[in-house]
Amino acid sequence: MTSKNPGSGHAPASGSPAPPAGTRGDPRHVVILGSGCAGLTAAVYAARGNLHPLLVNGHESGGQLSLTTEVENFPGFPTGIMGPELIEHMRKQAARFGTEYMAGSATAADLSARPFRLTVDGKHEVHTRTLIIASGASARMLGIESEKRLLGRGLSTCATCDGFFFRGHEIAVVGGGDSAMEEATFLTKFATKVTVVHRREELRASKIMQDRARGNPKIEFIFDSTVDEVIGTKEGGITSLKLRNLKTDAITDFATRGLFVAIGHTPNTQAYAGQLELDTRGYICLKHPHSTATNIEGVFACGDAVDHVYRQAVTAAGTGCMAALDCEKWLTHERITERWDLPEGEEERE
Ligand SMILES: Cc1cc2nc3c(=O)[nH]c(=O)nc-3n(C[C@H](O)[C@H](O)[C@H](O)COP(=O)(O)OP(=O)(O)OC[C@H]3O[C@@H](n4cnc5c(N)ncnc54)[C@H](O)[C@@H]3O)c2cc1C
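Residues numbered from 1 in each chain as written. Predicted model: local features only at pLDDT ≥ 70, side-chain atom pairs only at ≥ 80, totals over all residues.

**Q** Give a detailed account of the overall build of the chain, specifying residues and quantitative values.
**A** Each helix and strand counted, the chain has eight helices and 20 strands in total. Here the chain holds 350 residues, and 43% of them are scored as buried. Partitioning the intrachain contacts of the chain with sequence separation of at least 6 by distance along the chain shows that 61% fall at a separation of at least 24. (Helix = DSSP H or I, 4+ residues; strand = E, 2+ residues; numbered from the N terminus. Buried ≥ 20, exposed ≤ 12 C-beta atoms within 10 Å, placed from the backbone. Contact = placed C-beta atoms within 7 Å.)

**Q** Account for the sheet that holds strand β12 (residues 170–174), with residues named and values stated.
**A** Taking strand neighbours across the sheet as the criterion, the five strands line up as β11-β18-β12-β13-β14 in an open arrangement whose pairing is parallel. For this open sheet the edge positions go to β11 (155–156) and β14 (219–222), each flanked by a neighbour on one side alone. Relative to strand β13 (residues 193–197), β12 is paired through five bridges, and the arrangement is parallel. By the bridge assignment, Val173 is partnered in β13 with Val196. Contacts from helix α5 (residues 178–187) reach β12, β13, β14 and β18 (258–261) within the one sheet, and its direction differs from that of β12 by about 170°. (Pairing = 2+ DSSP bridges. Axes fitted to C-alpha atoms, helices over the stretch in contact; angles between N-to-C directions.)

**Q** Could you give an account of unusual backbone geometry, with specific residues and numbers?
**A** Of note, the amide linkage connecting Arg114 to Pro115 takes the cis form, showing an omega dihedral of -5°. Tracing the chain through its elements places Pro115 in the loop between β7 (106–110) and β8 (116–120).

**Q** Any chance you could break down the site of the ligand for me, citing the residues and the numbers?
**A** Taken together, 40 residues form the shell around the ligand, and within it Gly36, Gly58, Gly63, Gly136 and Gly303 come nearest. Of the residues that constitute the shell around the ligand, the class distribution is 17 nonpolar, 20 polar and three charged. (Near = placed C-beta within 6 Å. Nonpolar A, V, L, I, M, F, W, Y, C, P; charged D, E, K, R; others polar.)

**Q** Account for the nonpolar core, with residues named and values stated.
**A** The nonpolar side chains of soluble globular proteins are, as a tendency, buried together. With 58 residues, the main nonpolar core has Ile32, Ala42, Ala46, Ile132, Ile133 and Cys302 as its most contacted residues. In terms of residue count, the dominant contributor to this core is helix α1 (residues 37–48) (nine residues). Those residues within four positions of Ile133 in sequence are excluded, and the remaining contacts are Leu33, Tyr272, Ile284, Val299, Ala301 and Ala305. Ranked by size, the runner-up nonpolar core spans 30 residues in total, among them Phe166, Met181, Ile238 and Leu241. (Core = buried A, V, L, I, M, F, W, Y, C linked by C-beta atoms within 7 Å.)

**Q** Break down the sheet that holds strand β15 (residues 225–233) for me, citing the residues and quoting the values.
**A** Taken together, the three strands give an open sheet; going across it, the order is β15-β16-β17, and neighbouring strands pair in antiparallel fashion. Each edge of the sheet is formed by a strand with only one pairing partner; in this case those strands are β15 and β17 (251–255). The average undirected angle you get between the axes of adjacent strands in this sheet is 25°.

**Q** Residues and numbers for the environment of Leu155, please.
**A** Its place among the elements puts Leu155 in strand β11. Separated by 105 residues in the primary sequence, Leu155 and Phe260 place their C-alpha atoms 5.9 Å from one another. If sequence neighbours within four positions are ignored, Leu155 has contacts with Glu147, Leu150, Val230, Ile238, Leu259 and Val261.

**Q** If you had to explain the pairing of strand β16 (residues 237–245) to someone new, which residues and values would you point to?
**A** Pairing of β15 with β16, which is carried by eight bridges, proceeds in the antiparallel orientation. If you follow Ile231 over to β16, its bridge partner there is Ser240. The turn joining β15 and β16, which pair antiparallel and follow one another in sequence, is formed by three residues. Pairing analysis gives five bridges linking β16 to β17, with the strands arranged antiparallel. The partner of Arg244 across the bridge, within β17, is Ile251. What sits between β16 and β17 in their antiparallel hairpin is a turn of five residues, with Asp249 showing a positive phi close to 70°.

**Q** Describe the environment of Val227, and please don't skip the residues or the numbers.
**A** Residue placement: Val227 occurs in strand β15. Look at Val227 and you get buried, because 21 C-beta atoms sit within 10 Å. Apart from the residues lying within four places of it in its own chain, the contact partners of Val227 are Leu142, Val174, Val197, Leu241 and Leu243.

**Q** I'd like to hear about the confidence of the model for the chain, residue by residue, with values.
**A** A residue-level look at the chain finds 89% of positions with pLDDT of 70 or above and a mean pLDDT of 89. Residue range residues 1–17 is modelled with pLDDT below 50. Its contacts to residues more than four positions away, or to other chains, number 28 contacts. (pLDDT = per-residue confidence, 0-100.)

**Q** Can you break down α5 residue by residue, with the values?
**A** A large share of α5 lies buried, amounting to seven of its 10 residues. Listed in full, the buried residues belonging to α5 are Ser179, Ala180, Met181, Glu183, Ala184, Thr185 and Leu187.

**Q** A description of the packing of α1 against helix α2 (residues 83–96) should follow, citing residues and the corresponding values.
**A** Close contact between α1 and α2 brings their axes to 8 Å; oriented N to C, the two are set at 25°. In terms of their interaxial angle, α1 and α2 are classed as roughly parallel. Here α1 and α2 pass one another in a crossing that is left-handed. Counted together, Cys37, Leu40, Thr41, Ala43, Val44 and Ala47 of α1 and Ile87, Met90, Arg91, Gln93 and Ala94 of α2 form the full contact between these two elements. Counted by class, the contact of α1 with α2 contains eight nonpolar, two polar and one charged residues. (Parallel < 35°, antiparallel > 145°, perpendicular 65-115°, else oblique. Left-handed = near helix turned anticlockwise from the far one by under 90°.)

**Q** Residues and numbers for the packing of α5 against helix α6 (residues 207–214), please.
**A** Close contact between α5 and α6 brings their axes to 9 Å; oriented N to C, the two are set at 30°. In this view, α5 runs roughly parallel relative to α6, as classed from their interaxial angle. Crossing hand, α5 versus α6: left-handed. From α5, Asp178, Met181, Glu182, Ala184 and Thr185 reach across to α6, where they touch Met209, Gln210, Arg212 and Ala213. Here the residues of the contact of α5 with α6 are counted per class, giving four nonpolar, two polar and three charged.

Spelled out as structure tokens, the structure:
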């Protein structure tokens with residue numbers, strides 16, 4: 001169930017060491033949900049703050065960056081770094097200061113009283129005084145086998161992240177909403193031509209976004225069509241798409257070097273619905289713009305689960321740091337009023 005081995009995240013065989021504190025009824029100071037850049041950065045700060053965090057990995061260990069190849073815009077890596085390698089560095093860094101890792105996802109959360117009670121994978125109960133939610137958001141996908149295989153290999157869900165790799169190429173964007181128009185317009189900075197593929201006759205995007213895209217000479221549109229298959233290999237990237245015209249059922253080959261899927265994101269916040277304040281799209285609402293506190297005392301949120309604007313590794317990491325600092329400050333205040341045991345070493349730091 002737990003692992004101190006950074007990067008493992010898998011349940012050890014039975015007979016392995018006892019489960020961590022927090023799963024036996026004694027509450028943890030802090031539990032972090034999610035092992036993407038937000039959760040791991042929160043873990044580095046919480047662990048260095050002597051809070052002995054328990055980090056619940058989630059079923060996508062390492063988060064979205066573990067799905068991609070090269071990351072060229074995370075500061076500190078002048079020649080770029082592979083996404084999974086960057087995540088591995090963060091895991092090791094957090095483990096070095098005492099973060100414990102637990103496999104699984106929070107499937108239920110009772111946030112009505114403290115300590116909070118979390119259920120992991122429907123069976124393990126974890127108690128905690130504070131909670132940092134860093135469960136991210138998942139890009140909506142087309143649901144075809146080839147897109148999973150080629151994600152990060154020519155197929156992307158983030159123009160800001162990957163547009164640069166398509167300098168001088170013709171590429172396609174799937175979607176008809178505001179984010180598709182925004183991605184397509186942004187991508188014309190790099191690509192020689194951007195073709196927007198949309199399944200309806202009309203775009204869903206606001207008029208201003210449509211006008212901007214339609215007025216861009218590098219953007220073309222294919223309507224009433226879906227992507228049936230993405231053709232390419234992990235090694236060589238994408239070479240073409242099989243497009244199906246939904247009115248005629250005709251299938252055509254469309255040559256392209258890249259495909260951006262821009263049909264929206266779903267925040268991974270279902271486990272807290274009805275307790276935490278969420279916006280209409282399911283993102284967690286924060287109490288103040290310069291804080292990670294939520295409507296529930298002792299619950300903090302960071303990363304893409306909160307942010308539908310920037311969605312970058314460095315911004316997720318930045319808010320992960322904020323969440324750990326907010327949490328530490330909150331615990332310090334609470335322990336003075338409720339007289340808990342101090343985390344080891346805290347006395348000297350005051
Ligand atoms: C293909 C791709 C390429 C990208 N490239 C770049 C790039 O080059 N540069 C850049 O800055 N950004 C890039 N991004 C965006 C970047 O990856 C995200 O902004 C960042 O990962 C968000 O971090 P996060 O920790 O908030 O969420 P995520 O990375 O989404 O991590 C969320 C974590 O929470 C876990 N989780 C979910 N639900 C639960 C639950 N109930 N209980 C416990 N855990 C849970 C998940 O399993 C996951 O581990 C890319 C994204 C993708 C998809």
